[in-house]
Amino acid sequence: MGRKALDRERKQLSKKAEIWVKELFYKVQYEKLDKLTLDELAALVQKSKSTIYTYFKTKEEIYATMVGMVLQDLEEIAFETIEQNADVVKLYEFILLKISDSVEGVSIHFLDEIQTNFPQIWSEIKRTTDKILRTFSLIYKQGMKTGVFANFNITLLLAMDNAFIMNIMTDHEYFKKESLSVKDIVQQYLNLRIKALTLV
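Participant: Describe in detail the packing of helix H8 (residues 119-145) against helix H9 (residues 154-168), supporting the description with residues and values.
Facilitator: Where H8 contacts H9, the axes come no closer than 10 Å and their chain directions differ by 135°. Taken together, the axis directions place H8 and H9 in an arrangement best described as oblique. Two packed elements cross with a definite hand, and for H8 against H9 that hand is right-handed. Here H8 contributes Trp122, Ile125, Thr129, Leu133, Phe136, Ser137, Tyr140, Lys141 and Met144 to the contact with H9, which in turn contributes Ile154, Leu157, Leu158, Asp161, Asn162, Ile165 and Met166. Class assignment for the residues of the contact of H8 with H9 results in eleven nonpolar, three polar and two charged.

Participant: Go over the packing of aromatic side chains, please, and point to the residues and values.
Facilitator: Following the criterion strictly, the structure yields eleven aromatic pairs and no others. Here Trp20 and Phe56 contribute two aromatic rings whose centre-to-centre distance is 6.3 Å and whose plane-to-plane angle is 80°, an arrangement assigned as edge-to-face. With a gap of 36 residues between them, Trp20 in helix H2 (residues 15-27) and Phe56 in the loop between helix H4 (49-55) and helix H5 (59-75) connect regions that are remote in the sequence. There is no split in this pair, since Trp20 and Phe56 are both buried. Here the aromatic rings of Tyr63 and Phe118 are separated by 5.2 Å at their centres, their planes lie at 70°, and the arrangement is edge-to-face.

Participant: Report on the nonpolar core, specifying residues and quantitative values.
Facilitator: Counting residues in each nonpolar core, the largest one holds 65 residues, and the members touching the most others are Ile99, Phe136 and Tyr140. Considering each element in turn, this core owes the most residues, nine residues, to H8. Beyond its immediate sequence surroundings of up to four residues, Ile99 is in contact with Leu74, Ile77, Ile132, Phe136, Ile165 and Met169.

Participant: Please give an account of unusual backbone geometry that cites residues and values.
Facilitator: Within the chain, Gln46 stands out as a residue other than glycine whose phi angle is a positive 55°. For Gln46, the location among the structural elements is in the loop between helix H3 (38-44) and H4.

Participant: Hey, could you go over the pattern of salt bridges for me, with residue numbers and the actual values?
Facilitator: Applying the stated criterion across every chain, the model contains eight salt bridges. Taking the shortest distance from any N to any O, the salt bridge between Lys27 and Glu23 comes out at 3.3 Å. Highlighted residues: Lys27 and Glu23, both in helix H2, separated by four residues, approximately one helical turn. Note on Lys27: relative accessible area 39%, which makes it partly exposed. Of the charged contacts, one joins Asp39 and Lys49 as a salt bridge, the two residues approaching to 3.6 Å between their closest N and O atoms. With Asp39 in helix H3 and Lys49 in helix H4, the pair connects residues that are ten residues apart, well separated along the chain. Taken together, the salt bridges that share partners define one network made up of Glu75, Glu124, Arg127 and Lys131.

Conventions used here
Residues numbered from 1 in each chain as written. Predicted model: local features only at pLDDT ≥ 70, side-chain atom pairs only at ≥ 80, totals over all residues. Heavy atoms only, no water. Axes fitted to C-alpha atoms, helices over the stretch in contact; angles between N-to-C directions. Helix = DSSP H or I, 4+ residues; strand = E, 2+ residues; numbered from the N terminus. Parallel < 35°, antiparallel > 145°, perpendicular 65-115°, else oblique. Left-handed = near helix turned anticlockwise from the far one by under 90°. Contact = heavy atoms within 4.5 Å. Nonpolar A, V, L, I, M, F, W, Y, C, P; charged D, E, K, R; others polar. Phe/Tyr/Trp six-rings, centres within 6.5 Å; stacked < 30°, edge-to-face > 60°. Buried < 20%, exposed > 50% of the residue type's maximum accessible area, 1.4 Å probe, protein only. Core = buried A, V, L, I, M, F, W, Y, C linked by side-chain atoms within 4.5 Å. Salt bridge = Lys/Arg side-chain N within 4 Å of Asp/Glu carboxyl O.

This is the structure we're talking about:
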């Protein structure tokens, strides 16, 4: 009987299930993801293993769903074109603040675990990050073209943005002793960036 239950088609995630998946997401940020069992994951959110199996076959599917929830938010700020009359400073600020909202609670440890043990999930993170960096590239090009930004090497700017998003922004625990929130960190980075970019 157990085998049939496992083999049946998985249900689409319900609103209630989304809540405990998000709760689980925050609880595994400092865990060894590849070592956790489905029993242990279920226990972290006080769910039965059968509840987990209703929606997921493997822990990798759970992690992929968790990451997918974050990436879905980030997809909204990846643009393929920028309007000619766009306020590039405000757009840059909007994107950074949106990223900070989306990645709040994500640890570098979690990202390292995903990169090391779950390459398919990592490739999705990389794909979305690359799309956002291409959006930043469009903003930099437009800002420099219109004279809003000073001329800088765009490859260097994007490397700094990538380091900020993937390392500094996701390691905000480091700044807690200085009472800096994720938004504080983003705002200070934004101020540094805009001052440098608009310096004539």
